[in-house]
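# Topology and contacts: notes
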Amino acid sequence: MKKIVSLVVLVFVLSGFVNQKSKAFQDGEWIKFRIHYGLINAGYATLELNEEIKNNKKVFHAKGKGYTVGMSRFFFKVDDTYESYFDKESGKPYQSTRKINEGGYTKNQESFFNQASNKVLLKDYKNNTEKNFSVTENIQDVISAFYYLRNHPDVDKLKIGESIAIDMFFDDEVINFKLKYLG
């Protein structure tokens, strides 16, 4: 699962290279990818971005969905929703949501980021638990990482073989994620 999420984030980030300006994204952005195996249409992944106010702060609210369609749904049903609220200027996440159903495997979690204390409160609604995690400075969630990397100051300076590393909170742990420029 982590490899699939990493692949999706990489595809989304690379799509941002085409639109690199002072801000690589804007309110109302919407992206849709078709997922297929050869000629078989297996599903879609979408990502939309809107400006909102949350706790008296201007934020971006990004919502990602992934789902299977057609015959693929019969064999392995996927219905995933990922959301992130992140600071409009710094790109640091405040809150993220993960609701997934992948062939009967489900998760329903919400993470609350305290960047000042480098902590994340993870609420697991399926298991009715809460847990605090110590995280690294400037931690990202899986969706905010996509936007953070698209706006990273070094992204348009990468040479073939170079990479940018960030820490991402995903699946109850801190994952070191690298974006490597292949050409």
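Residues numbered from 1 in each chain as written. Predicted model: local features only at pLDDT ≥ 70, side-chain atom pairs only at ≥ 80, totals over all residues. Heavy atoms only, no water.

All right, on to the pairing of strand β9 (residues 163-170) then. Pairing of β9 with strand β10 (residues 173-180), which is carried by eight bridges, proceeds in the antiparallel orientation. The residue of β10 that forms the bridge with S163 is K180. Between β9 and β10, which pair antiparallel one after the other, the connecting turn spans two residues, and D171 there sits at a positive phi close to 55 degrees. (Pairing = 2+ DSSP bridges. Helix = DSSP H or I, 4+ residues; strand = E, 2+ residues; numbered from the N terminus.)

The next thing to look at is a nonpolar patch on the surface. The grouping of M71, F74, F75 and F76 at the surface amounts to a nonpolar patch, some 550 Å² of accessible area in total. Mapping F75 onto the fold places it in helix α2 (residues 70-75). (Patch = residues over 30% accessible without salt bridge, like charges linked within 9 Å, V, L, I, M, F, W, Y side chains within 5 Å. Areas by Shrake-Rupley, 256 points an atom, 1.4 Å probe, with all protein chains shown as cover. Salt bridge = Lys/Arg side-chain N within 4 Å of Asp/Glu carboxyl O.)

Okay, the side chain of D80 next. Position of D80 among the secondary structure elements: in strand β4 (residues 79-87). Comment: no salt bridge for buried D80; closest opposite-charge side chain is R98, at 6.8 Å. Polar contacts involving the side chain of D80 include one to the main-chain amide nitrogen of N101, which spans 3.3 Å. (Buried < 20%, exposed > 50% of the residue type's maximum accessible area, 1.4 Å probe, protein only. Lys, Arg positive; Asp, Glu negative; His and termini not counted. Polar contact = N/O pair within 3.5 Å; in protein donor to acceptor, adjacent residues only side chain to side chain.)

Turning to unusual backbone geometry, a few remarks are in order. Note: most peptide bonds trans; most residues except glycine with negative phi. Within the chain, N118 stands out as a residue other than glycine whose phi angle is a positive 55 degrees. Classification of N118 as partly exposed rests on a relative accessible area of 24%. Phi is positive for N128, which is not a glycine, with a value near 55 degrees. Mapping N128 onto the fold places it in the loop between β7 (119-124) and β8 (129-134). Taking relative accessible area as the criterion, N128 reaches 71% and is therefore assigned exposed.

In this section: the environment of S72. Positionally, S72 belongs in helix α2. Considered as a pair, S72 and A42 are 30 residues apart in the sequence and their alpha carbons are 5.3 Å apart. Ignoring anything within four residues of it in the chain, the contact list for S72 reads I40, N41, A42 and K77. (Contact = heavy atoms within 4.5 Å.)

So, on to the confidence of the model for the chain. Per-residue confidence for the chain averages 88 on the pLDDT scale, and 88% of its residues sit at or above 70. Considering each helix and strand of the chain separately, the mean pLDDT is smallest for helix α1 (residues 2-16), with a value of 47, and largest for β7, with 98. For the stretch residues 3-11, pLDDT sits under 50, and the model shows nine contacts to residues farther than four places along the chain or on other chains. The model gives residues 13-21 a pLDDT under 50, and that stretch makes 18 contacts with residues more than four places away or in other chains. (pLDDT = per-residue confidence, 0-100.)

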